[in-house]
Every structure is written in C-alpha cells, then in structure tokens.
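Close look at the chain arrangement
The primary structure of each chain is shown beneath.
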Amino acid sequence: MLLRNLKLYKVKSGLAPVVQICRLSSSIPLEDFPVGTVSEKQVKPERKSIVPSNCRYVYPEFLPDPKMQWRNPLREKLERMDMIQRRKHIDIPEFYVGTIMAVTSSNQHAPNKATRFVGICIQRLGCGLRANFTLRNVIKHIGTEMKYQLYDPTIQKIEVLRLEKRLDDELLYLRDAPNEYSTFDENMEAEYLPEGSPIPVNTTMVKLKPRPWRARWERKNMKGLADLELPERFYKRAEELATPWEKYDLMKQYRRTIPEEEQKEIFAEVYSELHEVNVMRKKQKRKKVFIKPFKN
Amino acid sequence: MNQAEISQLVSKLRIRINPRHKNLKNPEGPQGRLKKLRKTLTALFKYERLELNYTLADETRGYAERLISEAIRHGDTHKATMEMADYWIEEKQLIHKLFKVLAPRFSDYKTSYTMLYRAPKAYPDIVYPRSIIELRGNPFPPILSQKLDQRNFIHNVLLEEAKKAYRAEKYEQITKSLGEQPKVEVSDK
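Just so it is clear, the model here is predicted, and its values are computed rather than measured.

Definitions and limits used
- Residues numbered from 1 in each chain as written.
- Chains lettered and ligands numbered in written order.
- Predicted model: local features only at pLDDT ≥ 70, side-chain atom pairs only at ≥ 80, totals over all residues.
- Heavy atoms only, no water.
- Axes fitted to C-alpha atoms, helices over the stretch in contact; angles between N-to-C directions.
- Helix = DSSP H or I, 4+ residues; strand = E, 2+ residues; numbered from the N terminus.
- Parallel < 35°, antiparallel > 145°, perpendicular 65-115°, else oblique.
- Left-handed = near helix turned anticlockwise from the far one by under 90°.
- Contact = heavy atoms within 4.5 Å.
- Nonpolar A, V, L, I, M, F, W, Y, C, P; charged D, E, K, R; others polar.
- Patch = residues over 30% accessible without salt bridge, like charges linked within 9 Å, V, L, I, M, F, W, Y side chains within 5 Å.
- Areas by Shrake-Rupley, 256 points an atom, 1.4 Å probe, with all protein chains shown as cover.
- Salt bridge = Lys/Arg side-chain N within 4 Å of Asp/Glu carboxyl O.
- Lys, Arg positive; Asp, Glu negative; His and termini not counted.
- Charge placed at Lys NZ, Arg CZ, Asp CG, Glu CD.
- Buried < 20%, exposed > 50% of the residue type's maximum accessible area, 1.4 Å probe, protein only.
- Pairing = 2+ DSSP bridges.
- Core = buried A, V, L, I, M, F, W, Y, C linked by side-chain atoms within 4.5 Å.
- Expected span 1.5 Å × (residues − 1).

Residues and elements named next belong to chain B. For the pair helix α1 (residues 30-47) and helix α4 (residues 93-106), the least separation of the axes is 10 Å and the interaxial angle reads 55 degrees. Of the possible angle classes, the one that applies to α1 and α4 is oblique. Read as a crossing pair, α1 and α4 show a hand that is left-handed. Counted together, Thr42, Phe45 and Lys46 of α1 and Leu94, Lys97, Leu98 and Leu102 of α4 form the full contact between these two elements. Of the residues belonging to the contact of α1 with α4, the class tally is four nonpolar, one polar and two charged.

Printed below as a string of structure tokens:
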C-alpha cells in the first residue's frame, strides 16, 4: 500500500522522489506489489472520438492544402492555433456557398469607421489563415463583389442571414445572370434555423443572360443553371472537350484530398477548443437577448 | 492556394506517393494513359507479380493500392466502388477476386498491399530502369532471399561460448588485481 502511494507520488512530481522510492523499495519485498496492475493502469481503453463527422464541411479551412510540395506540418499546426485564437475574438459562423451573409469590416473612410456588406457567398477558397470568401450583391444597379479573408483582423463581425446551400460549389455564373438573382436587401433580418436541422438546399435554377459570358458555362457541368439555349455546335464542342475518365482517376482524387486518418488527427486536435468557443458564444448570446419595446 | 476536396473520404495509403503523376507517353493523352494503367492493373490482379518498366510499375502501384483500399473500405455492396472496379478491371472474373480474395486478405494489414522492387537492366538491350511489382501474400517464392537465423549455426554457438569464457577469465584477473592493491582511505568532511 505504501509503495503504491509512493508510486503515485513519483508520477506527480519530477525527478527527485524517484531516488527515494528506489531506496525504499529495496527494503520492501517485491512480492507485495502485484506486477499486473501497472500494465493494466497504463493501457487505456480506446475512447470513442467525440468529433462529429460533418466537421470537414463546417470547418473546411482547417484542412491543409493537399498539394504535397507545399505541405509543412509545423506551419499548418501553427496556423491552426492562430485560427483558433482569432475565433476566440470574433464569431465565425458556419456558412456555405449560397449562404446570404453580412460582413462588417473596418473602413477608415466611412463616417462610422465601419462598412457593412450584405451579399450571397459565391465562392469559398483557400485554407488555413488564407481562407477567403466572396460576397456578391447588386448595389444601385451595379453588381458588386467583396472578397474577404476569413481571418482578417479588420473584420469586425460576420453574420449569417440565411443559412442555405446551392446546387453548385461555386456560383460564379451569377455574374452572367440578370441582376435579380443576386440582389439582396441590405436591411435583411437574420433567419434562424432550429439547431441540429439539416442545411436546406436552395434549388433555384438560374437563367443566364444571352452570350457573351465570362466563361463557357456549357462546358462546366453546372447543376444550378437552367437551359442555356445555345446553338447545337456549342454542346458538340463541349462534349468533345469533356473528360469523363477523370472521375475514375483514383490517384488524381487522392492527390486532391486529405486522407481520413489525417483529417481525424487534425479535428481531434482542434475540435475541443472550437467546441469550447461555440459554447461560450451561446452563453453570451443568451445573456444579451434584449427585446425592443414596442409603442402601442 | 488550394482547398482540399471534401466530398468524399479516402483511406490513407501506406506507400510513398509522388507529388505529381507521370504522363506515360501516349498518343491518346490522359485517356490512353489510364487505358495503359488499366491493362497493367488487371494483369497485376491476375498474376500477382509482374516485371515492368519502373515508371509504369510505380504509377500502377498507386492505383492498385487505392482500388484495394476502396474495396476494403466500402465492400462489394457499394455502388460507386463497384463501378470503379468495373472500370479498372478488364477481365470481369477478377472483380470477384478483388472483393472475395484480395480485400479479406489485406483487411488487417498494417503495411502496404503491394511491393515494388528494382530489377536489373539487361544492358544494352533494355535501357529503361526495370522493376518488379507484386501483391503481398502471393503464392510465389520470395524475391529477396530470406535472412536465415545465423545465431544457431554451430560455429557461431561455439564462438559465442568462447567469448563468454574469455570474458569470465578477464573479470577474474581484474578482481584479483584489485584485491592486491593497497587500500586508499577516503575521509569525509
């Protein structure tokens, strides 16, 4: 019993007590101490990971660039730490391409030193600290786009007004669509989704303006585009240039993704802190709820 | 700056992977390249050991590993995996081999599923580096000669014993010489 207590003590405090234990243990016969218990204590039962499986959709920027020449585990880890630090300061909500958002960023030329931009997220690019997203809106009949770095310190607030997905991973074709597809009210109020509900998919089919376009959309296989109404030769050419074998190129796929084992490692490292931050934010929100009194 | 594709999860391969693919010179372009690879992959699953040019073998290896890992991961009821196997394996009876023989064989492996060896060049006929690719656990005799446990050879046993005896003798000598030396008193302060 005495020895067991001493052993525990040894684990708790550094080097000095080890010598003591050695001295004492010589006087106590070793048979008193069952050898099996040490190994039983050391072997931990495998714990189920608490990291949800949709982490890679919610926090895609935590996955590193899959390009092998650019990988650097130390840099990636440091970046992840910085990202969490930033997330402790401002709320970066879950959002997807197709989500309608409002970003308030510092602007020294604005009268109140900040600008708020509302728009639909049409693109999400990059990873790590360089992750960015583009918002699009039509302001005074002019299509306007703002590209924000997600972890930019000049951003003051990011709000999600309507959380939804579209059929495509990129909505750059909105640039060639009539203005009504990318017009959003600047004073739009946030719509809340009940917690745990699946992200709704907006299935609007976009009807483009007649050519010329910024890209040859008939070649891009976009799901959210209505019939393009092009002459037959365009579709023929698109068929000629299509690469249907690419979906079978297993190594090409592999080089573009981060394997599951690595993803698990990354999210196991990051998730507990992210979860803590989320819980803290929720508590703050509950405290701040304030209902404006109405005049009757 | 790229973003990792997240639409599907893949298992990690336990082989070294080149940062970029090799083109495998082909008049048909990338499609022809895959055709070539398909042929070698089918042959690899059929014969389990092939001698090839190093480049082709190295490229094929990745695809073979990926296909086996997909088969282990999803099994034969997964539609996409079956489609993939159907594309990559030209002789259709080998699809059964992939799911019923290879996947169970490799399911608890902690190493890669294939091996790649450098083979000698037959100078001056063949100038390209040659190699041998094989599936692990194949029925053929091993390529590298197995290391024998030479410790139990009789001469090694005898030499070991001789060493021990020599050492014991030396220690005895040392202890004797220590006993003869006069004692030096050490005073503590």
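Residues and elements named next belong to chain A. On the surface, a cluster of positive charge is made up of Arg211, Arg216, Arg219 and Arg233. By secondary structure assignment, the location of arginine 219 is in the loop between β5 (155-162) and α6 (232-241). A residue is classified by how much of its surface remains accessible, and arginine 219, at 33% relative accessible area, is partly exposed.

Turning our eyes to something else, we now look at the sheet that holds strand β3 (residues 132-139) of chain A. Residues and elements named next belong to chain A. Judged by pairing direction, the sheet is antiparallel, and its five strands sit side by side in the order β4-β3-β2-β1-β5 without closing on themselves. Looking at the sheet topology across the chains shown, the edges are occupied by β4 (142-149) and β5. Taking the axes of each pair of neighbouring strands and ignoring which way they run, one obtains an average angle of 35 degrees across the sheet. As defined by bridge partners, β3 adjoins β4 across eight bridges and the pair is classed as antiparallel. Its bridge partner lying in β4, leucine 135 is registered against methionine 146.

All names here are of chain B. Judged by how many residues are buried, strand β3 (residues 130-135) sits mostly within the fold: six of six residues are covered. Burial along β3 is two-sided: the face carrying Arg130, Ile132 and Glu134 and the face carrying Ser131, Ile133 and Leu135 are both buried. Sheet topology places strand β2 (residues 114-119) next to β3; six bridges connect them, and they run antiparallel. Its bridge partner lying in β3, alanine 119 is registered against arginine 130.

Take the nonpolar core next. Residues and elements named next belong to chain A. With 55 residues, the main nonpolar core has Phe62, Phe133, Ile158 and Leu208 as its most contacted residues. Among the secondary structure elements, those contributing two or more residues to this core are α4 (55-58), α5 (73-89), β1 (100-106), β2 (114-125), β3, β5 and α8 (260-288). Once residues lying within four places of it in the same chain are set aside, the contact partners of phenylalanine 62 are Arg80, Met83, Ile84, Arg87, Tyr151, Ile266, Phe267, Val270 and Leu274.

Residues and elements named next belong to chain B. Helix length check: α1 (18 residues) gives 26 Å between terminal C-alpha atoms against 26 Å at 1.5 Å per residue, within 8%. Listed as buried for α1 are Gly32, Arg33, Leu34, Leu37, Arg38, Thr40, Leu41, Thr42, Ala43, Leu44 and Phe45. Of the surrounding elements, those touching the buried residues of α1 are β1 (49-53), α2 (54-74), α3 (79-88), α4 and β3. With its phi angle positive at about 70 degrees, glutamate 48 sits one or two positions after the end of α1.

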